[in-house]
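Remarks on the overall topology
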Amino acid sequence: MPSKTTTKSTRVTARSTASTDPRPDHGVSLAVTADAPQPHPLSDEELRLLVGDATQVDGASAAAATGPAPTMEPPQAATSGPPASAGTPITGQKVVATYAEQTNRNAWAYLATAGWKKLSDLTDTGSTTMTLLAAHARATGTAPYVDENPAGTIGTLYVW
Amino acid sequence: MAGKDRVDVSAVQRELETQNHPWEAAENHLTRLSSIERARRLGVPLPDEEHRALLEQRAVRLRARLLEAPAAEGAALPAAFDLRNVGGQSYVSGIRDQAQCGSCVAFGSVAVMEGTARYQRRMPTLDSDFSEAHLFYGWGSTVGVTCDTGWMPMPALTFATNDGICFEAEWAYTAGNTNGGSAPASWQQHRAKATGAVDLTNKVDDIKAHLTTVGPVTGCFVVYTDFFSYKSGVYQQTTGKQEGGHCVAIVGYDDAQQAWIIKNSWGTGWGMGGYGLIRYGECYIDTWANVAVTGVNLRSWTAAKKVIGGYSTGHDRNGWVYVQDVGWLHVGGATGTAHVAMFADLLTAKEKDAYVNAYSDDGTIKTVYAY
């Protein structure tokens, strides 16, 4: 259960993930709507986004080939627009709380108005690095660039 | 030093006057050289008669096509583009001087690599001063290249692709390698390597497209005496005899002036601070040997830099950091634990506004210090 509390009464608009893992206890600290989407069979498109297009590579060289590379430029030097998005971009919202518990790959971040969002649970290191990034955004008071995939999890994070 | 057969700049200026001043000529450190010394400022073997005839055919066709309406496939290209000013940023490395050695191909080729390394990363301040000496005296010598023989850009950039070159700091250039330089035993730990060489010869629209999306392109052309006295304007051959072949880097173009923007290797005293404009189709600049690289990988320490941004997806070991003056670097790691450890160190440095010194190999961080 997250220790961080907030007095902000926020309507959570996020769709839930298909996970049955424990979720942040919205009732204690953060308001949540009762009509949050329930787990549902994933479509082919959702599965594709969850699994990704990259082919898994064994061994030490795997890291460079498994995920998409960043395309966004620093805000102060940007000469191009926002990065290519596979889902729904969420911008301008700070991370006001984080949550994790003992279940594997079950880390969440609370965005100022979008509410609790589960970080991608695609891989161990993916979940961990996104947790580090979300915590970094929380610590620095930075509004990250978030790309929410159709399954309702955060699939991409940029923090400047 | 005054050559007995130095360039008669006054004669060039008189000839230009009769042609309504298509460009300006002036005295400079090259016009005072003898013809033998001028020849050493070049470095591309002239084509034989048969090849020359082919080049002439291409040039005639190119000039005829340029008189027609713009091709449909070229419609998407901007009317002008200059790698020295893309959104107010220059991606072109500094002007060099090959001095008394026919090593222009090394300078044109390395300028292509340096500009590509910067532009592909959109990083104008990237440390990308690569060694012309390694390319010319190191790799070139293995195939018989000397200051007197000259070279061609495709074999030069093929060496750069297959083997790579060290940085200027490890092997500094001098004409004739009089400093006795050589690549240090550990040069592979600090090197640039092209990801591929591509031949764009006689493909004007492809050259333009490459410039706007990837980086500079080499341009080889026949040099006539008047070219040494070029000061400004759009060069077209006016007077003088054929002096040899030369290679430069094309760094932009301007359709309104029907000209390529070239970066020469004769120091800043020639042309417009070392740069010039040469008319499309002139002296085979775009029909003889236009070679580029598809990208440049680097092995290098960042030195003391700040971490500006972080990025991650849910994929395995896919954390990245944006490092000052370097751009995006993928965080490596032979294991997930190593990846997360380096990523945490880098993000902590970002949070504390601390410096990092990271060693990256072809865009992937292998080692990092944060302090």
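Below is a short write-up of the structure.

Procedures and definitions
- Residues numbered from 1 in each chain as written.
- Chains lettered and ligands numbered in written order.
- Predicted model: local features only at pLDDT ≥ 70, side-chain atom pairs only at ≥ 80, totals over all residues.
- Heavy atoms only, no water.
- Disulfide = S-S within 2.5 Å.
- Helix = DSSP H or I, 4+ residues; strand = E, 2+ residues; numbered from the N terminus.
- Buried < 20%, exposed > 50% of the residue type's maximum accessible area, 1.4 Å probe, protein only.
- Salt bridge = Lys/Arg side-chain N within 4 Å of Asp/Glu carboxyl O.
- Phe/Tyr/Trp six-rings, centres within 6.5 Å; stacked < 30°, edge-to-face > 60°.
- Lys NZ or Arg CZ within 6 Å of the ring centre and 35° of its normal.
- Contact = heavy atoms within 4.5 Å.
- Buried area = accessible area lost by both parts, 1.4 Å probe.
- Nonpolar A, V, L, I, M, F, W, Y, C, P; charged D, E, K, R; others polar.
- Pairing = 2+ DSSP bridges.
- Axes fitted to C-alpha atoms, helices over the stretch in contact; angles between N-to-C directions.
- Parallel < 35°, antiparallel > 145°, perpendicular 65-115°, else oblique.
- Left-handed = near helix turned anticlockwise from the far one by under 90°.

**Focus on the state of the cysteines**
By definition, a disulfide links two cysteine residues through a covalent bond between their sulfur atoms. Residues and elements named next belong to chain B. What the rule picks out here adds up to one disulfide over all chains. Disulfide partner of Cys-101: Cys-147, at an S-S distance of 2.1 Å. The sign of the S-S torsion, about -90°, decides the handedness of the disulfide formed by Cys-101 and Cys-147: left-handed. With Cys-101 in the loop between strand S2 (80-82) and helix H4 (104-120) and Cys-147 in the loop between helix H5 (132-139) and helix H6 (153-162), the pair connects residues that are 46 residues apart, well separated along the chain. Unpaired in this structure, Cys-247 has its nearest cysteine sulfur neighbour in Cys-220, at a distance of 3.9 Å. When its relative accessible area of 0% is taken as the criterion, Cys-247 is described as buried. In this structure Cys-283 is not part of a disulfide, and its nearest cysteine sulfur, from Cys-220, lies 13 Å away. A relative accessible area of 10% places Cys-283 in the buried class.

**Here we look at the pattern of salt bridges**
Think of it this way: side chains of opposite charge can pair up when their charged atoms draw near. One pass over the structure, following the stated rule, counts 20 salt bridges over all chains. Notably, a salt bridge pairs Lys118(A) with Asp121(A), separated by 3.3 Å at the nearest N-O pair. A salt bridge links Glu27(B) to Arg6(B); the nearest nitrogen and oxygen atoms lie 3.1 Å apart. In this pair, Glu27(B) sits in the loop between strand S1 (23-25) and helix H2 (35-39) while Arg6(B) sits in the segment before helix H1 (9-18), placing the two residues 21 residues apart along the sequence. Using a relative accessible area of 45% as the deciding quantity, one classes Glu27(B) as partly exposed.

**A few points about the packing of aromatic side chains**
All chains considered together, the criterion is met by 35 aromatic pairs over all chains. Taken together, a centroid distance of 4.7 Å and an interplanar angle of 50° make the contact between Tyr158(A) and Tyr311(B) tilted. Residue Tyr158(A) is found in strand S6 (residues 153-159), and its partner Tyr311(B) is found in strand S13 (residues 305-313); the two belong to separate chains. You can call Tyr158(A) buried: its relative accessible area is 2%. Geometrically, the ring pair formed by Tyr322(B) and Trp328(B) is edge-to-face, given 5.2 Å between the ring centres and 90° between the ring planes. Each member of the pair, Tyr322(B) as well as Trp328(B), carries the same accessibility label: buried. Taken together, the ring pairs connect Trp23(B), Phe221(B), Phe227(B), Phe228(B), Tyr230(B), Tyr235(B), Trp266(B) and Trp270(B) into an aromatic cluster. One cation-aromatic arrangement involves Arg84(B) over Tyr275(B); the distance from NZ or CZ to the ring centre is 4.5 Å.

**Let's talk about the interface of chain A and chain B**
Contact with chain A, which involves 35 residues of that partner, is made by 26 residues of chain B. Between chain A and chain B, the buried area comes to about 2700 Å², and carbon and sulfur atoms account for 65% of it. Inspection of the region where chain A meets chain B yields zero salt bridges. Secondary-structure elements contributing two or more residues to the side of chain A that touches chain B are helix H3 (124-140) and S6 of chain A. Among the elements that take part in the side of chain A that touches chain B, H3(A) stands out by supplying 10 residues, more than any other. By residue class, the composition of the side of chain A that touches chain B is 19 nonpolar, 16 polar and no charged. Here S6(A) pairs with S13(B) via four bridges, running antiparallel. Looking across to S13(B), one finds that Leu157(A) is bridged to Ser312(B).

**Observations concerning the packing of H4(B) against H6(B)**
All names here are of chain B. Viewed as axis vectors pointing N to C, H4 and H6 meet at an angle of 50°, and their least axial separation amounts to 9 Å. As the angle between them shows, H4 and H6 are arranged oblique. For the element pair H4 and H6, the recorded crossing hand is right-handed. Across from Val-105, Ser-109, Val-112 and Met-113 in H4, the residues of H6 making contact are Pro-153, Ala-156, Leu-157 and Ala-160. Partitioning the contact of H4 with H6 into residue classes produces seven nonpolar, one polar and no charged.

These results come straight from atomic positions and should not be treated as a statement about function.
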